[in-house]
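The lines below spell out each chain.
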Amino acid sequence: MSAVALAVLVLAGVSAQGATKPKKKKNYDLGANPLAGVNSKQPDKELYDKAMLALKRGRYDVARLDLQTMLNTYPESEYRMRAKLAVGDTWFKEGGEAAYTQAEAEYKDFITFFPNAPEAAEAQMKVADIYYQQMEKPDRDHLNAQQAELEYRNMINQFPESTLVPRAKQKLRDVQEVLGERETEIGLYYLSRENYPASIARLQTVVDTFPLYSKSDQALLGIGDAYAGEASAVQNVRGLPGAVRERMKSVYQDRAAAAYAKVITRYPMAPHVEDARDRLVAMNRPVPDPTAEAVAENDAEERSRQAIHFTDKTLGMIKHGPTVVEAVHVGDPTLDDPSRTLAPDITKQNIAIFNSAVTAGRPVAAAAGATAPTGPNQPPRTDQPSTAPVQLEAPGGGTGVAAEIVTAPSSAGAADPNAVVKGVGPVDTALPAAEKPAEAPDQVNEVKPGSTPAQSAADAKKKKPKADLSDESSSKKKKKKGLAKLNPF
């Protein structure tokens, strides 16, 4: 057999072997249930993945339609909880006032239907973020900031074990920075207008509610200046006794010194500590020393703040929201809102201080209404003043301390029983009744009515002399006579 024929036979055998070789079996069985297979996907999961892909690409209406289809078609799906939360995410990421309202409603419904799910904390966090995104600057509308503060507090109080609590606390510090800035600006404005009760009310609210505010030392300094201003205003009250004036001044100075001292003891590393120390020295009051714990705490707070730069101020004038770079990043924010201090409360305190100053030093009576009068030669009692009690009346219905003293006039004829030396003279000094004057005699007329007295003939013939009117001035032009006609003047 030739070599050519042998080669042909070999090639034919190889081809035959390749044709009879069995095919490799695939890794899945076509006869198995596709829903129970490992590599198969369920339809609800397909819809959910499709919606998530549309949400990622910004097609919010398509994602919302797929999620609603999945929730209506497969109410028992294991993805229904995440799908319900994702519907709110589509509205939240779309943005706008109307979309934010829809997102809040979806998140609230999720918390209602799944209160014990781990995603409930996430839903509450996003509700707070809705108001955080709509916050205005401190000098604008503050309703969104107040609502954001409330929602963040609810999230921290309701879900304390959530991993989102640290982020919620930082957001709450940022919101409280904005609210504290607003209240401080209003309080300092009232202080510049010398409306001390309104200024104290605003600044005291900042100190009590937002202790981590970056300018809390300035707020305390403003409270001290307001009380110092009230102490100075007491000196201008008309009709106020000197002793009462000094008592009221002392009370206001004590409160001002307490506010200055708190700046040093609570915020020893703040910028306005030296100003508070100088004011205490000027008042001859002791300057307290802060504790080591207070120094360490305030130092950590000041170091955690970010310095505000020129770019931050420039962008702050352009962007919509506030600038919160100065917010603190350490410490626990206030989770319970204390009662606000109102201006009428400060006014009531001023009235109480006035009444206390007026009644100071008077002995308490043994029984109400059972005070025995003093003798004629005894010194007057302090609980029985000779004049009417002093009353405080603010001019024009104001609430400040600069008021007028109104006293009731004493009776004119009342005798002082405490007088040591009595006046000499009749006790009854009332004037007697005026006597009736005597009647005038009747008038006697000798000329009968209807007749005129007779005029003598001589008097009738006399003529009255003519009056010389040459020297009298007159507006009537007089005619010139003789040579006077030639005189032009």
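Note that the structure is predicted; figures quoted are calculated from it, not measured. (Residues numbered from 1 in each chain as written. Predicted model: local features only at pLDDT ≥ 70, side-chain atom pairs only at ≥ 80, totals over all residues. Heavy atoms only, no water.)

### Some remarks on the packing of aromatic side chains
Here's step 1: Taken as a whole and judged by the stated rule, the model has five aromatic pairs.
Here's step 2: A centroid spacing of 5.6 Å and a plane angle of 20 degrees characterise the contact between Y48 and Y79, whose relative ring orientation is stacked. One end of the pair, Y48, is in helix α2 (residues 43-56); the other, Y79, is in the loop between α3 (60-73) and α4 (80-94), and 31 residues separate them in sequence.
Here's step 3: Assessed through its relative accessible area of 19%, Y79 is described here as buried.
Here's step 4: Between F92 and Y100 the ring centres are 5.9 Å apart and the planes differ by 50 degrees, which places this aromatic pair in the tilted class. (Phe/Tyr/Trp six-rings, centres within 6.5 Å; stacked < 30°, edge-to-face > 60°. Helix = DSSP H or I, 4+ residues; strand = E, 2+ residues; numbered from the N terminus. Buried < 20%, exposed > 50% of the residue type's maximum accessible area, 1.4 Å probe, protein only.)

### A short note on the nonpolar core
Here's step 1: One finds Y152, V175, I223, L240, V244, M248 and Y252 to be the most contacted residues of the largest nonpolar core, which totals 58 residues.
Here's step 2: Listing elements by their share of this core, those giving two or more residues are α6 (119-133), α7 (143-158), α8 (165-192), α9 (196-209), α10 (216-234), α11 (242-266), α12 (273-282) and α15 (343-359).
Here's step 3: With nine residues, α11 is the single largest residue contributor to this core.
Here's step 4: Those residues in contact with I223 that sit more than four places away from it in its chain are L203, Q204, V207 and A259. (Core = buried A, V, L, I, M, F, W, Y, C linked by side-chain atoms within 4.5 Å. Contact = heavy atoms within 4.5 Å.)

### Describing the pattern of salt bridges
Here's step 1: On inspection of all chains with the given rule, the structure shows 22 salt bridges.
Here's step 2: In this structure, K84 engages E106 in a salt bridge whose closest nitrogen and oxygen atoms are separated by 3.4 Å. Of the two residues, K84 sits in helix α4 while E106 sits in helix α5 (residues 97-113), which places them 22 residues apart along the sequence. Comparing K84 with E106, the two get one shared label, buried.
Here's step 3: Between E301 and R266 there is a salt bridge, and its shortest N-O distance comes to 3.4 Å. Here R266 lies in helix α11 and E301 lies in helix α13 (residues 292-304), a separation of 35 residues in the sequence.
Here's step 4: With a relative accessible area of 3%, E301 lands in the buried category.
Here's step 5: Sharing partners across several salt bridges, the network here consists of R82, D89, E119, E122 and K126. (Salt bridge = Lys/Arg side-chain N within 4 Å of Asp/Glu carboxyl O.)

### Overview of a nonpolar patch on the surface
Here's step 1: On the surface, L315, M317 and I318 cluster together into a nonpolar patch covering about 380 Å² of accessible area.
Here's step 2: As for its placement among the helices and strands, L315 is situated in helix α14 (residues 310-318). (Patch = residues over 30% accessible without salt bridge, like charges linked within 9 Å, V, L, I, M, F, W, Y side chains within 5 Å. Areas by Shrake-Rupley, 256 points an atom, 1.4 Å probe, with all protein chains shown as cover.)

### A few points about the confidence of the model for the chain
Here's step 1: A residue-level look at the chain finds 66% of positions with pLDDT of 70 or above and a mean pLDDT of 79.
Here's step 2: Confidence over residues 385-389 falls short of pLDDT 50; this stretch has three contacts with residues more than four positions distant or in other chains. (pLDDT = per-residue confidence, 0-100.)

### Some remarks on a positive patch on the surface
Here's step 1: A contiguous patch of positive charge on the surface is contributed by K50, K56, R57 and R59.
Here's step 2: Examined against the element boundaries, R57 turns out to sit in the loop between α2 and α3. (Lys, Arg positive; Asp, Glu negative; His and termini not counted. Charge placed at Lys NZ, Arg CZ, Asp CG, Glu CD.)

### With respect to the environment of R59
Here's step 1: Turning to its location among the elements, R59 is positioned in the loop between α2 and α3.
Here's step 2: In this structure, the C-alpha to C-alpha distance between R59 and E94, residues 35 residues apart in sequence, is 9.2 Å.

### Remarks on α9
Here's step 1: End to end, α9 covers 20 Å across 14 residues, agreeing with the expected 20 Å (1.5 Å per residue, within 8%).
Here's step 2: Counted residue by residue, α9 has 11 buried out of 14 residues, so it is predominantly covered.
Here's step 3: Inspection of α9 places Y196, P197, A198, S199, I200, A201, L203, T205, V206, V207 and T209 among the buried residues, and these make up the whole buried set.
Here's step 4: Buried-residue contacts for α9 involve α7, α8, α10, α11 and α15. (Expected span 1.5 Å × (residues − 1).)

### Examining unusual backbone geometry
Here's step 1: We note that E194 has phi near 60 degrees; this positive angle belongs to a residue other than glycine.
Here's step 2: Despite not being glycine, N284 has its phi angle at roughly 60 degrees, a positive value.
Here's step 3: Residue placement: N284 occurs in the loop between α12 and α13.
Here's step 4: Given the relative accessible area of 70%, N284 is considered exposed.

### Remarks on α7
Here's step 1: End to end, α7 covers 22 Å across 16 residues, agreeing with the expected 22 Å (1.5 Å per residue, within 8%).
Here's step 2: If you check which residues of α7 are buried, you get A145, A148, E149, E151, Y152, R153, M155 and I156.
Here's step 3: In this fold, the buried residues of α7 make contact with α5, α6, α8 and α9.

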